[in-house]
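Secondary and tertiary structure notes
These are the residues of each chain, in order.
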Amino acid sequence: MTAIILERVVIERGPLRLEGDLRLGPGLHAVTGRVGSGKSTLALALAGGIRPAAGTVRLEGIGRRLWVGHDPVVHLTGGTVAAEVASWRVEPDSLLSSLGLADRARDDPFHLSLGMQKRLVLGCALAARADLLVLDEPFASLDLPARARLERALTARDGTTVVMTHADRHLPPGTTRWRIEGGRVRPEGP
Amino acid sequence: MIALSGVRARTLSIDSLAIPPGLTAVVGLNGTGKTTLLEACTGLLLPDEGTILVDGLPPREVDAGWVSASPDRSLLFSRVDDELASPGRFAGLSPIETAARATGAAERAGAVRHLSRSVRTLSGGERGVVALAAALASQPTVLALDEFDGFLDRETLDDLIPAARDSGARFVLWSTHDRELTRAADHAIALGGGGVAGTGAAALALFDAWERAA
């Protein structure tokens, strides 16, 4: 069982202040909120990139945390698409064929379109099997079939998965929903 | 009219295409050439072959505005007010005219409350809104919005569709994966199979096929 628990946490970043008291157990969680509400800030705090100003963050059964930002380019380090996959310690051949990128293995990842770069980075992140995976706007830049494949991959994953998203129609049934409003992170819906 | 004929650019081939004035949604799966089409129509990319004319002029002789698919790559300056003033300053306008354009653009894009902020503190979606305002401040003839709606919530997007249409730009080319935006646009162009896969209702109908494929 994996869980990340935020106990009376206060996160401050620039003009933004967020409060939350939440437990994110195994499975898929989605955090929605309007533009500028603090989704990316919460993502960084969950991934350990920002230390809360108050409160505690506890991890249960979570060793490896992985964060993927909205812009795939910040994650690209490989000189070729295949080298990029290998840099995530993932075997390139089978991953690239499942992503529809087998014929681009020797290309510079910077020559891919933004949507293809996004598929590549998300595919690597999913294959890297982190206990906690935090994805900031993962559906942005993906076409509709790619969004549906991502939805299935997120549901099939072990561990705790958190997506920050505007595209809430792409969330599979069973997703635990949270919403940021007025500086507070709250559970949403039934 | 933006008239394309015999155009070959990267993986995209378009024998003949006419884009009327107004808001045009450009749709298609990843890697079908949406960004390439926008780049070619704004003069950022010269096609390998063929000609593109915007009301009879090559794209590089026509003022263009560009908002990137990646919100971090659209902004040059560290302050929002400097970003919005930059088109006027680069054009050598008077300070009064520069400020008037910046303020007008901020109002149309819904970016007024960000004016005194540092770009560093803006979220991804807010950067998109500011980038749209900066593009409007240059009063472009062709405004290209490259999938920037991917980072916007529904309410913000619904406000920006009329803002883009009424921006004063004669041609607004907006690449998107959003069906409602495509439906709301004046025209739609779908790319696929290395070229244009359909226009108008045929482009909109492809969303059904893509959802079935999903």
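Criteria and cut-off values
- Residues numbered from 1 in each chain as written.
- Chains lettered and ligands numbered in written order.
- Predicted model: local features only at pLDDT ≥ 70, side-chain atom pairs only at ≥ 80, totals over all residues.
- Heavy atoms only, no water.
- Contact = heavy atoms within 4.5 Å.
- Buried area = accessible area lost by both parts, 1.4 Å probe.
- Salt bridge = Lys/Arg side-chain N within 4 Å of Asp/Glu carboxyl O.
- Domains from an automatic or database assignment.
- Helix = DSSP H or I, 4+ residues; strand = E, 2+ residues; numbered from the N terminus.
- Core = buried A, V, L, I, M, F, W, Y, C linked by side-chain atoms within 4.5 Å.
- Buried < 20%, exposed > 50% of the residue type's maximum accessible area, 1.4 Å probe, protein only.
- Pairing = 2+ DSSP bridges.

As for the interface of chain A and chain B
- Contacts between the two partners involve 27 residues from chain A, matched on the other side by 28 residues from chain B.
- Of the roughly 2,200 Å² buried at the junction of chain A and chain B (both faces included), carbon and sulfur atoms supply 56%.
- By the criterion of area lost to chain B, the three top residues of chain A are Arg34, Val35 and Leu144 of chain A, representing 27% of everything that side buries.
- The tally of links from chain A across to chain B stands at one salt bridge.
- Arg34 of chain A is paired through a salt bridge with Asp153 of chain B; the nearest N and O atoms lie 3.3 Å apart.

Observations regarding the domain arrangement of chain B
Residue and element names in this part refer to chain B.
- You can read the domains of chain B as domain 1 (1-63 + 141-214) and domain 2 (73-139).
- Relative to domain 2, the C-alpha centre of domain 1 lies at a distance of 24 Å.
- At the interface, 11 residues of domain 1 touch 10 residues of domain 2.
- Between domain 1 and domain 2, the buried area comes to about 770 Å², and carbon and sulfur atoms account for 74% of it.
- Of all the elements in the fold, those that place two or more residues in the side of domain 1 that touches domain 2 are strand E6 (142-146) and helix H5 (154-165).

Quick word on the nonpolar core
All names here are of chain B.
- Leu84, Leu132, Leu143, Leu145, Phe148, Leu160 and Trp174 are the most contacted members of the largest nonpolar core, which has 37 residues in total.
- Elements represented by at least two residues in this core include exactly strand E3 (22-27), helix H2 (80-90), helix H3 (95-109), helix H4 (124-137), E6, H5 and strand E7 (171-175).
- With nine residues, the top contributor of residues to this core is H4.
- In contact with Leu132, other than residues within four places in its own chain, are Val67, Ala109, Leu143, Leu145, Phe148 and Leu160.

Remarks on the pairing of E6 of chain B
Residue and element names in this part refer to chain B.
- Within E6, five of the five residues are buried, which leaves the element mostly enclosed by the surrounding structure.
- Residues of E6 alternate between two faces, with Val142, Ala144 and Asp146 on one and Leu143 and Leu145 on the opposite face, all of them buried.
- Pairing of strand E5 (residues 64-67) with E6, which is carried by four bridges, proceeds in the parallel orientation. Considered in E6, the bridge of Val67 is made with Leu145.

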